[in-house]
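Here is what each chain is made of, one letter per residue.
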Amino acid sequence: MAGKYDQAEVLLAMATLGTGYFRTDGGRLDRALQSIGDDLPVNLKGLSFGCGSVGLRCFELPDIINAAFFALLADYGPRGDHNTLHSKLSTNEAMEIAIQQGSTIEHFTHVATRLSELANS
């Protein structure tokens, strides 16, 4: 499995090519990642999920999000909403990451859009 920084880069590339952000409150992003499942890019395949006292959780997601902030690839957005993960990657950077994942830009964007819709609804 890829390292947390590689996974953070891919997750934020998906945000950039989707809506630019993901809602994280209430396990939204966790459920969205599980729903996408096998369509996830290579570096995000194999994430583990489980139900706990707060509902469904992706066990790796907190470390991935922390890596994104540490690498300065993400921020909380203009009003500091800590329930929203905003990507700081440009569209060109996100497309390059899609290609590095062995995906076409069209397929990567399609999956990114689905993930954004699920996480942000």
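Residues numbered from 1 in each chain as written. Predicted model: local features only at pLDDT ≥ 70, side-chain atom pairs only at ≥ 80, totals over all residues. Heavy atoms only, no water.

1. Points about the sheet that holds strand β4 (residues 74-75)
Paired through their backbone hydrogen bonds, the strands of a sheet run either parallel or antiparallel. Across the sheet, which stays open at both edges, the 3 strands sit in the order β1-β5-β4 with antiparallel pairing between neighbours. Edge strands, defined here as strands with exactly one partner in the open sheet, are β1 (21-23) and β4. Judged from the 3 bridges that link them, β1 and strand β5 (residues 84-87) form a sheet pairing that is antiparallel. Considered in β5, the bridge of phenylalanine 22 is made with leucine 85. (Pairing = 2+ DSSP bridges. Helix = DSSP H or I, 4+ residues; strand = E, 2+ residues; numbered from the N terminus.)

2. Considerations on helix α2 (residues 28-36)
Every buried residue of α2 is accounted for by Leu29, Asp30, Ala32, Leu33 and Ile36. Summarising the axial view, the buried residues of α2 lie within an arc of 165°, below the 170-degree limit, and thus occupy one face. Contacts from the buried residues of α2 go to α1 (4-17), β1, β2 (49-52), β3 (55-58), α3 (61-70) and α5 (105-120). Following α2 by one or two positions, glycine 37 has its phi on the positive side, about 50°. (Buried < 20%, exposed > 50% of the residue type's maximum accessible area, 1.4 Å probe, protein only. Arc of directions from axis to C-beta. Contact = heavy atoms within 4.5 Å.)

3. Looking at the packing of aromatic side chains
In this structure the tally under the stated criterion is 2 aromatic pairs. When the centroid spacing of 6.3 Å and the interplanar angle of 55° are considered together, the rings of tyrosine 5 and phenylalanine 70 count as tilted. Taken together, the residues span a long stretch of sequence, with tyrosine 5 in helix α1 and phenylalanine 70 in helix α3 at a distance of 65 residues. In this structure tyrosine 5 comes out as partly exposed when scored by relative accessible area, which is 45%. The class of phenylalanine 70 is exposed, set by a relative accessible area of 64%. Geometrically, the ring pair formed by phenylalanine 69 and tyrosine 76 is tilted, given 4.5 Å between the ring centres and 35° between the ring planes. (Phe/Tyr/Trp six-rings, centres within 6.5 Å; stacked < 30°, edge-to-face > 60°.)

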